[in-house]
Amino acid sequence: MDLIEISPQAKPPVCKIIDYSKFRYDLSKKEKESRKKQKNVQVKEVRLRTRIAENDFNVKLNKIREFLEDGNKVQITVMFSGREMQHKDLGLAVLEKVKEQVADIASVEGKLSSMGTRSFATLSPKKTKK
């Protein structure tokens, strides 16, 4: 049996007389339980085109909402090809439309950006109070 100090900051300090190996085992079990309860946040990507049909847009929007409600971040990518590169404002309009549609459950991280043949926006779920 060993004398183990449980909480040294308490007045007076709390100590127990138990077997040290059992104490370590219980501590490792608690750590494993806490790791199981943690939520891994993933970044999901949804790709759109500038000339997307209304129904296709709604299907993608529902998928984005589903990802956000699960607590994941969503990266929206608008892809350009050919002559669409001259009209990047159409791609930014699609990103703005998505941003407006999910404003109730998500906020945009950073700003809308373009790189090469793609424009990006990253959405993160808003914290809900329970």
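Each chain carries its own residue numbering, running from 1 in the direction its sequence is written. Local features in this predicted model are restricted to residues whose pLDDT is 70 or higher, and side-chain atom pairs enter the listing and the counts only when it is 80 or higher, whereas totals over whole chains, interfaces and linings include all residues. The basis for every side-chain value is the complete set of non-hydrogen atoms in the structure, without hydrogens or water.

Caption draft 1: The arrangement of the sheet that holds strand β4 (residues 73–79) in detail. Two strands pair if DSSP finds at least two bridges between them. We count a stretch as a helix when DSSP gives it H or I for four or more residues in a row; a strand needs E for two or more, and each element gets its number in order from the N terminus. Within the open sheet, the 4 strands sit side by side as β3-β4-β6-β5. Their pairing is mixed. Bordering the open sheet on either side are β3 (43–49) and β5 (106–115), each of which pairs with just one other strand. Strand-to-strand twist across the sheet, computed as the mean angle between neighbouring axes with direction ignored, equals 20°. Sheet topology note: the β5/strand β6 (residues 118–125) ladder contains 7 bridges and is antiparallel. Along β6, the bridge assignment pairs M115 with R118. The strands touched by helix α2 (residues 54–69) within the sheet are β3, β4, β5 and β6, with β3 carrying the most contacts at an inclination of about 170°. Axis definition: a line fitted to C-alpha atoms, over the contacting stretch in the case of helices. Angles run 0 to 180 degrees between N-to-C directions. Contact criterion: two residues are considered in contact whenever any of their non-hydrogen atoms come within 4.5 Å of each other.

Caption draft 2: Expanded view of helix α3 (residues 88–101). Relative to the 20 Å expected for 14 residues at 1.5 Å per residue, α3 spans 20 Å between its end C-alpha atoms, a close match to the ideal helical length. Packing partners of the buried residues in α3 comprise β3, α2, β4, β5 and β6. One fewer than the residue count of a helix, multiplied by 1.5 Å, yields its expected span.

Caption draft 3: Up close: the layout of surface pockets. Cavities and pockets were defined on a 1 Å grid built over protein atoms only: a cavity is a set of grid points that admits a 1.4 Å probe from which the probe cannot escape, a pocket is an open set flanked by protein on both sides within 12 Å along at least five of seven lines, and lining residues are those with an atom within 4 Å of any such point. Grid points are joined across faces, edges and corners, and a volume is the space filled by probe spheres set on the points. Looking at the largest pocket, its volume works out to about 270 Å³. The residue classification treats Ala, Val, Leu, Ile, Met, Phe, Trp, Tyr, Cys and Pro as nonpolar and Asp, Glu, Lys and Arg as charged. All others, Gly included, are polar. Across the lining of the largest pocket, the residue classes tally to 4 nonpolar, 2 polar and 5 charged.

Caption draft 4: Structural view of the nonpolar core. In this text, buried Ala, Val, Leu, Ile, Met, Phe, Trp, Tyr and Cys residues form a nonpolar core when linked through side-chain atoms within 4.5 Å. Any residue under 20% of the maximum accessible area for its type is buried, any over 50% is exposed, and the rest in between are partly exposed; the area is computed with a 1.4 Å probe on protein chains only. I64, I76, V98 and L123 are the most contacted members of the largest nonpolar core, which has 18 residues in total. The set of elements that each furnish at least two residues to this core consists of β3, α2, β4, α3 and β6. When residues of this core are assigned to their parent elements, the largest contribution, 5 residues, is made by α2.

Caption draft 5: Focus on the packing of aromatic side chains. Only rings of Phe, Tyr and Trp enter the pairing, Trp through its six-membered ring, and a pair is recorded when the two centres are within 6.5 Å. The plane angle decides the type: under 30 degrees is stacked, over 60 is edge-to-face, the rest tilted. This structure, assessed with the given rule, holds 1 aromatic pair. Ring centres of Y20 and F23 lie 6.4 Å apart, and the angle between their planes is 35°; on these two criteria the pair is classed as tilted. Taken together, the residues Y20 and F23, both in helix α1 (residues 20–37) and 3 residues apart, mark about one turn of the helix. For Y20, a relative accessible area of 40% translates into the label partly exposed. Across from the ring centre of F57, 4.5 Å away, lies the NZ or CZ of K97, which sits over that ring. Two limits define a charge over a ring: the Lys NZ or Arg CZ must be within 6 Å of the ring centre, and within 35 degrees of the ring normal.

Caption draft 6: Structural context of the side chain of S124. Here S124 lies in strand β6. Assessed through its relative accessible area of 11%, S124 is described here as buried. Those residues in contact with S124 that lie beyond four places of it in its chain are L68, K73, I105, A106, S107 and E109.

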